[in-house]
Amino acid sequence: MRHQDFWARVISLAVAVAAVGFYQAHALQWQQAMEANQQEIADINAQNSAAESGAVSYQDGVYIGEGEGFGGTVTAQVTVTDGKIAYIEITEASGEDAAYLDKAQQIIDNIITAQTPEVDTISGATFSSTGIKTAVQQALEGAAEA
């Protein structure tokens, strides 16, 4: 009788461990799919924003701007080529948390795709991405053509 109780518990434990493992594997796949969908939505929104706002032409050159991020001032260097935003580099963000800054830099691709800093901030790095967005906006103020 005692052995039967032991084996019943072992089997119950094995079933529980298998169920948790199955759940974790599927939860990770679901999370990765959701993140991919969010990025696709952000890309579509950036493209729609650019189409709605009309084509903005900028004067070619390199422009510097600053914005307040999560940990302080973020400095961005924006390169404009052929009247379009060609490249954005974060040149200073020493007060930013590295993990937040890495995630926030996803906004750079959205800005370049949309050709405007008027894009959504990055979820999970809202303050850091807002700092980048503001720095780019400030830099582009000097590049705007009438």
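J.: Can you help me understand the pairing of strand S2 (residues 73–81) in this one?
T.: Within a regular strand, the side chains alternate between the two sheet faces. Strand direction decides the pairing type here: strand S1 (residues 61–68) and S2, joined by 8 bridges, are antiparallel. When the bridges of S2 are listed, Glu 66 appears paired with Thr 75. If you look at the hairpin formed by S1 and S2, you'll find 4 residues sitting between the two strands, and Gly 72 has a positive phi there, around 140 degrees. As paired strands, S2 and strand S3 (residues 84–92) are joined by 7 bridges and run antiparallel to one another.

J.: What is the right way to look at the nonpolar core in this model?
T.: Nonpolar side chains in soluble globular proteins tend to be buried together. Counting 25 residues, the largest nonpolar core has Val 78, Ile 88, Ile 132, Val 136 and Leu 140 as the members making the most contacts within it. Listing elements by their share of this core, those giving two or more residues are S2, S3, helix H2 (98–104), helix H3 (106–114) and helix H4 (126–141). Here the element with the most residues in this core is H4; it accounts for 5 residues. Apart from the residues within four sequence positions on either side, Val 78 is in contact with Gly 61, Val 62, Tyr 63, Ile 85, Tyr 87, Ile 88, Val 136, Ala 139 and Leu 140.

About the criteria used
- Residues numbered from 1 in each chain as written.
- Predicted model: local features only at pLDDT ≥ 70, side-chain atom pairs only at ≥ 80, totals over all residues.
- Heavy atoms only, no water.
- Pairing = 2+ DSSP bridges.
- Helix = DSSP H or I, 4+ residues; strand = E, 2+ residues; numbered from the N terminus.
- Core = buried A, V, L, I, M, F, W, Y, C linked by side-chain atoms within 4.5 Å.
- Buried < 20%, exposed > 50% of the residue type's maximum accessible area, 1.4 Å probe, protein only.
- Contact = heavy atoms within 4.5 Å.

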